[in-house]
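# Residue-level structural notes
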Amino acid sequence: MNGQVRNIFYLIFAAVTAAMLLALFGGLARNLTPSFRARLEKKASSAPLLRTAKRSGLTYEAALGAPAEALGKPVLWCVNISSSQVYLPPGRGKPLDVANIGEMPVELYGKYSGEYDCRNALFEITGVKTFDFEGARAVRLQASFIDYQ
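A brief report on the enclosed structure follows. Here the structure is a predicted model, which is why all the values come from computation and not from measurement.

### Examining the overall build of the protein chain
Along its length, the protein chain carries three helices and five strands. Going residue by residue from the N terminus, the α and β elements of the protein chain occur as α-α-α-β-β-β-β-β. Within the protein chain, buried positions represent 26% of all 149 residues. Long-range contacts, defined here as pairs at least 24 residues apart, represent 57% of the contacts in the protein chain between residues at least 6 apart.

Quick look at the structure:
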C-alpha cells in the first residue's frame, strides 16, 4: 500500500508540474506571437528584394565602380559594425554609410563584433559620398538597411 501512495503522489506531482509548464509556455507563446508574426511579415515583404539582390550579385567594388548603375538596387552583403560604422570585412577598408543603422538588430550586428565576424544584411544603395582632402579623394557608398537574413 505504501508503494501505491508514493506512485499516486508522483503522478499528481507530475500532472501539476506539467500543467504549470503548459501555462508558462502558453503565456510566453502569447507574448511572443505578435513579434513573431511581425517578423514573418517583414521577411515576406523583403523576399522579392532579397531574390533580386541574390540574382544580381552586385559587389561592393562593382557598386563603387559604377555608382549611378547601383543606385536604388538591393544588395545582400555580409557586414559588421565597429565603432558605430558598418564595414564589409575583412578589416575596415570597405565602409558603408547606413542611414538607419539603428534598425540593424544589435543581437546580430553587435557594436563590437570584430573585423572578421559578419552577418548578411539586405540593403538598398541610396547614394555615394565623395570626400576631397588636400588632393586625396575617397568615395563611400551610402545605403539603407532593409532586413537581415
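### Digging into the pairing of strand β3 (residues 95–98)
Side-chain alternation along β3 places Pro95 and Asp97 on one buried face and Leu96 and Val98 on a second face that is also buried. Pairing of strand β2 (residues 85–87) with β3, which is carried by two bridges, proceeds in the antiparallel orientation. Residue pairing across strands places Val86 opposite Leu96, the latter belonging to β3.

### Brief notes about the pattern of salt bridges
As enumerated under the stated definition, the model contains three salt bridges in all. A salt bridge links Arg140 to Asp97; the shortest N-O distance between them is 3.3 Å. Here Asp97 lies in strand β3 and Arg140 lies in strand β5 (residues 136–148), a separation of 43 residues in the sequence. The class for Arg140 is partly exposed, based on a relative accessible area of 24%. By relative accessible area, which is 13% here, Asp97 ends up buried. A network of salt bridges, in which partner residues are shared, links Asp97, Lys129 and Arg140.

### A closer look at the packing of aromatic side chains
Counting across every chain of the model gives three aromatic pairs. Measuring from centroid to centroid gives 6.0 Å for Phe123 and Phe145, while their planes differ by 70 degrees, and the two rings are edge-to-face. Here Phe123 is found in strand β4 (residues 119–133), whereas its partner Phe145 is found in strand β5, with 22 residues between them in sequence. The residues Phe123 and Phe145 share a single accessibility class, namely buried.

### Thoughts on the sheet that holds β4
Spatially, β1-β2-β3-β5-β4 is the arrangement adopted by the five strands of the closed barrel, whose pairing is mixed. Sheet twist, expressed as the mean angle between neighbouring strand axes with direction ignored, is 50 degrees. Alignment of β3 against β5, held across three bridges, turns out to be parallel. Residue pairing for β5: Asp97 is matched across the bridge by Gln142.

Cut-off values and rules
- Residues numbered from 1 in each chain as written.
- Predicted model: local features only at pLDDT ≥ 70, side-chain atom pairs only at ≥ 80, totals over all residues.
- Heavy atoms only, no water.
- Helix = DSSP H or I, 4+ residues; strand = E, 2+ residues; numbered from the N terminus.
- Buried < 20%, exposed > 50% of the residue type's maximum accessible area, 1.4 Å probe, protein only.
- Contact = heavy atoms within 4.5 Å.
- Pairing = 2+ DSSP bridges.
- Salt bridge = Lys/Arg side-chain N within 4 Å of Asp/Glu carboxyl O.
- Phe/Tyr/Trp six-rings, centres within 6.5 Å; stacked < 30°, edge-to-face > 60°.
- Axes fitted to C-alpha atoms, helices over the stretch in contact; angles between N-to-C directions.

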